[in-house]
Amino acid sequence: MAETISFVGNICNGHYKLKIDLTVNQNLDSNTSNITAQIYLINDWALNISERNESQNYITIDGVKYNFATSAVTTTGVHLLATVNANSINHNTDGSKYINISCYFAITATISGTYYSNISANTTVTLPPIIMVSTLSFDTFTIGEICYINIAKANSDFTHTVTYCWGDTSESGLINNKGYKEVIAHRTNESVISWIPEEKLTGIYPNSASGIGTFICDTYNGNTKVGTKTYSFVCNFSGNIKPIITDFTAEIDNSHNNTANSFGICIQGISKVKLSCNATGANNSSIISYSISGGYTSSVTSMPYIGDAINQSGNVSFECVAVDSRNRKSQPCFTEIQVYSYSPPEISSFTVERDADDNSKINIKVIYSYSKLEDKNSASAVLYYKKSSETEWVQYGKILNDTLITLQGFKTEDSYNFKVVVTDTLLSRIQEERFISTIKVLLDFRAGGKGLGIGKIAESDSMEVGMPVKFMDSIYIYNSTGESYTLEDYIKLVVNNMEEIKYE
């Protein structure tokens with residue numbers, strides 16, 4: 001509440017007065033006063049003076065000098081010369097304060113034959129005392145841990161009520177799960193009070209690892225409340241307030257492959273794994289993501305999770321950590337699943353040879369391996385053949401693994417291609433191809449005289465070589481214009497042309 005104090009100085013038996021009105025506003029929290037001084041010239045005799053600059057006039061309040069300028073005065077009456085503000089004047093620790101005030105106005109006028117340089121006014125003012133309230137001090141708190149609130153008493157006879165507010169505190173107690181307002185200490189005369197913030201407080205802030213609350217300290221002198229102060233405080237949520245995984249499982253997912261699904265086992269490179277996790281947040285927090293490692297590495301926002309085909313074998317383990325809306329992580333939870341090793345069939349040997357005694361017969365043998373998957377998987381080999389000069393393959397049929405077979409009726413003057421395709425139950429397949437030349441002869445002329453076979457029977461109108469060749473002299477190659485190149489130079493020419501094409 002503001003209070004007004006006035007004092008006056010004069011000359012010429014009061015016909016010219018310097019009046020100062022002081023308005024005092026107090027700040028209880030800072031134990032200070034703000035003073036507004038309004039400076040008036042009051043005259044009932046005529047006066048005609050010009051403007052005065054700042055350097056000519058001043059008022060001193062509690063030792064601080066404030067200069068002020070004034071306008072010209074040409075009439076009688078009450079004239080407001082200036083308004084000066086003196087803020088944050090500190091009171092004594094007991095709330096008391098008196099100040100000296102002096103004001104000087106440079107009238108510099110000759111009145112009735114007498115020269116007056118100034119009008120001044122001086123006084124000592126006792127300001128209204130500020131009734132002090134006690135203050136609190138404390139550190140940052142942690143949920144579930146005992147903490148201490150220190151009360152610096154303004155007076156040893158004062159008592160105090162300390163209340164905490166948390167969240168929505170429009171009413172006392174729990175309000176629709178949104179806030180709390182509860183008394184920690186009621187009219188206590190202790191200088192230190194203890195408090196344990198309960199875990200229930202964390203539920204008001206499901207998306208944060210800490211919260212900000214307010215202390216209200218009411219100071220009483222007897223039964224009279226002399227003042228109230230409020231303080232913000234920070235309360236951290238202890239590390240054990242985190243989500244919990246209640247269940248984490250791994251299941252086979254072969255829904256994309258009917259054959260693998262019928263096996264009922266987890267197969268490396270084919271089966272997928274379905275991970276399911278049940279997790280709950282702590283005190284109203286929500287689960288926002290799951291971090292998966294081990295057999296899969298991924299971060300997902302929901303469960304269940306189905307990864308790609310599992311590329312490991314054996315007892316494959318998975319780890320899951322749940323993360324909540326406070327960015328708190330659960331303890332890791334583990335599960336595992338047995339994955340059977342699998343690889344597509346492999347052909348280790350495929351031999352195709354003309355029979356030494358009867359060149360029209362072909363001896364064939366294939367040796368292959370495959371993943372048996374607990375005897376749920378099988379594999380078979382199918383043989384195909386064709387004349388080398390033809391494009392269509394003829395299917396012979398299945399042949400047994402690591403078993404020699406002999407086929408008849410293959411002309412000695414023809415070359416043949418043979419192909420074996422090994423396929424397992426899961427439809428993985430591999431194939432290899434072999435070539436069988438005609439029977440071996442030293443020299444053969446093709447009918448018509450345009451074909452020559454060396455080491456084999458000629459099958460086309462060209463020179464065919466079916467035996468190792470040794471050249472004892474240079475070999476020349478001629479182009480369409482008749483230019484000749486040694487074989488060595490021709491190879492270099494071809495290679496260089498290929499390099500140029502590559503880097504164009």
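In this text the structure is predicted, and so the values were computed from the model without any measurement.

Caption draft 1: The arrangement of the overall build of the protein in detail. Summing up its helical and strand segments, the protein has 2 helices and 38 strands in all. The C-alpha radius of gyration of the protein comes to 53 Å, more than 25% above the 23 Å expected for a compact globule of 504 residues. Seen along its three principal axes, the alpha-carbon backbone of the protein occupies a region of about 160 × 70 × 35 Å. The burial tally for the protein puts 39% of its 504 residues in the buried class. Taking as baseline every contact in the protein between residues at least 6 positions apart, the subset at least 24 positions apart corresponds to 58%. Accessible area for the protein stands at about 28,000 Å²; split by element, carbon and sulfur atoms hold 46% of it. Taken together, the 37 basic and 51 acidic charged side chains of the protein have centroids lying 2 Å from each other.

Caption draft 2: Summary view of the pattern of salt bridges. The full count for this structure, using the stated rule, is 8 salt bridges. Where aspartate 414 meets lysine 387, a salt bridge forms, and the shortest distance between an N and an O atom there is 3.2 Å. On the criterion of sequence distance, the pair formed by aspartate 414 in the loop between strand E31 (405–407) and strand E32 (416–424) and lysine 387 in strand E29 (residues 379–387) is long-range, its members being 27 residues apart. Looking at aspartate 414, the relative accessible area reads 16%, which means it is buried. What makes lysine 387 partly exposed here is its relative accessible area of 25%. Taking the shortest distance from any N to any O, the salt bridge between arginine 434 and glutamate 432 comes out at 2.8 Å. On the basis of relative accessibility, which here comes to 27%, the residue arginine 434 falls in the partly exposed class.

Caption draft 3: Molecular detail of a nonpolar patch on the surface. Together, Ile146, Tyr148, Val192 and Ile196 give the surface a local cluster of nonpolar side chains, amounting to about 390 Å² of exposed area. Relative to the helices and strands, valine 192 resides in strand E16 (residues 192–195). Judged by relative accessible area, valine 192 falls into the partly exposed class, the value being 41%.

Caption draft 4: Structural detail: unusual backbone geometry. For the bond from methionine 303 to proline 304, the omega torsion is 5°, close enough to zero to count as cis. On the secondary structure map, proline 304 appears in the loop between strand E23 (298–300) and strand E24 (305–306).

Caption draft 5: Quick look at the pairing of strand E33 (residues 429–436). Here 8 bridges tie E32 to E33, and the two strands are oriented antiparallel to one another. Looking across to E33, one finds that valine 420 is bridged to glutamate 432. A loop of 4 residues connects E32 with E33, the two strands running antiparallel in sequence, and leucine 427 in this loop sits at a positive phi of about 70°.

Caption draft 6: Geometry of the nonpolar core. Ranked by internal contacts, the top residues of the largest apolar core, which has 35 residues, are Ile20, Leu22, Ile39, Ile59 and Ile61. Elements that contribute at least two residues to this core include exactly strand E1 (3–11), strand E2 (16–27), strand E3 (32–43), strand E4 (58–61), strand E6 (77–90), strand E7 (98–105), strand E8 (109–111) and strand E10 (119–126). Excluding anything up to four places from it in sequence, leucine 22 contacts Glu3, Thr4, Ile5, Phe7, Ile35, Thr36, Ala37, Ile101 and Val125. Ranked by size, the runner-up nonpolar core spans 23 residues in total, among them Cys147, Val162, Ala185 and Tyr231.

Caption draft 7: Fine view of the packing of aromatic side chains. Per the counting criterion, the structure on display carries 20 aromatic pairs. Summarising the aromatic geometry, the rings of tyrosine 16 and tryptophan 45 are spaced 6.2 Å apart at their centres and angled 85° between planes, so their arrangement reads as edge-to-face. Of this pair, tyrosine 16 sits in strand E2 while tryptophan 45 sits in the loop between E3 and E4; the two residues are 29 residues apart in sequence, bridging distant segments of the chain. On the basis of relative accessible area, tyrosine 16 is assigned to the buried category, the value being 1%. A ring pair is formed by phenylalanine 138 and phenylalanine 215, whose centres lie 5.1 Å apart and whose planes are at 75°; its orientation type is edge-to-face. Remark: phenylalanine 215 occurs in strand E17 (residues 210–221) and phenylalanine 138 occurs in the loop between strand E11 (135–137) and strand E12 (141–142); sequence separation between them is 77 residues. With relative accessibility at 0%, the residue phenylalanine 215 sits in the buried group. The rings of Phe138, Phe141, Tyr164, Trp166, Trp195, Tyr205, Phe215, Tyr231 and Phe233 are connected pair by pair, giving a single aromatic cluster. Above the face of the tyrosine 220 ring, arginine 187 is positioned so that its terminal group lies 4.1 Å from the ring centre. Sitting above the plane of the tyrosine 384 ring, lysine 419 keeps its charged end 5.2 Å from the centroid.

Caption draft 8: Structural detail: the pairing of E7. The alternating pattern of E7 places Ile99, Ile101, Cys103 and Phe105 on a buried face and Tyr98, Asn100, Ser102 and Tyr104 on a face that is not buried. Relative to E7, E4 runs antiparallel, the two being bridged by 4 bridges. Looking at the pairing, isoleucine 61 lines up with isoleucine 101 of E7. Examined bridge by bridge, E7 and E10 share 8 bridges and lie antiparallel to one another. Residue tyrosine 98 lies in a different strand from E10, and its bridge partner there is threonine 126.

Caption draft 9: Layout of the environment of serine 348. Following the sequence through the fold, serine 348 ends up in strand E27 (residues 346–354). Assessed through its relative accessible area of 60%, serine 348 is described here as exposed. With 21 residues separating them along the chain, serine 348 and serine 369 place their C-alpha atoms 7.5 Å apart. Discounting chain neighbours no more than four positions away, the residues touching serine 348 are Ile367 and Tyr368.

Caption draft 10: View of the sheet that holds E1. The strand order E1-E2-E3-E6 describes an open sheet built from 4 strands, whose pairing is antiparallel. The strands lining the two open edges of the sheet, one partner per strand, are E1 and E6. Between one strand axis and the next, the sheet turns by 15° as a mean value, whatever way the strands run.

Caption draft 11: Structural view of the sheet that holds strand E25 (residues 314–324). Strands sit in the order E20-E26-E25-E22-E23 across an open sheet of 5 strands; the sheet is mixed. Two strands in the sheet have a free side with no partner beyond their single neighbour: strand E20 (266–267) and E23.

The rules behind each value
Residues numbered from 1 in each chain as written. Predicted model: local features only at pLDDT ≥ 70, side-chain atom pairs only at ≥ 80, totals over all residues. Heavy atoms only, no water. Helix = DSSP H or I, 4+ residues; strand = E, 2+ residues; numbered from the N terminus. Rg over C-alpha atoms; globule rule 2.2 N^0.38 Å. Buried < 20%, exposed > 50% of the residue type's maximum accessible area, 1.4 Å probe, protein only. Contact = heavy atoms within 4.5 Å. Areas by Shrake-Rupley, 256 points an atom, 1.4 Å probe, with all protein chains shown as cover. Lys, Arg positive; Asp, Glu negative; His and termini not counted. Charge placed at Lys NZ, Arg CZ, Asp CG, Glu CD. Salt bridge = Lys/Arg side-chain N within 4 Å of Asp/Glu carboxyl O. Patch = residues over 30% accessible without salt bridge, like charges linked within 9 Å, V, L, I, M, F, W, Y side chains within 5 Å. Pairing = 2+ DSSP bridges. Core = buried A, V, L, I, M, F, W, Y, C linked by side-chain atoms within 4.5 Å. Phe/Tyr/Trp six-rings, centres within 6.5 Å; stacked < 30°, edge-to-face > 60°. Lys NZ or Arg CZ within 6 Å of the ring centre and 35° of its normal. Axes fitted to C-alpha atoms, helices over the stretch in contact; angles between N-to-C directions.

From the geometry alone we can't say anything about function, so treat these as descriptive.
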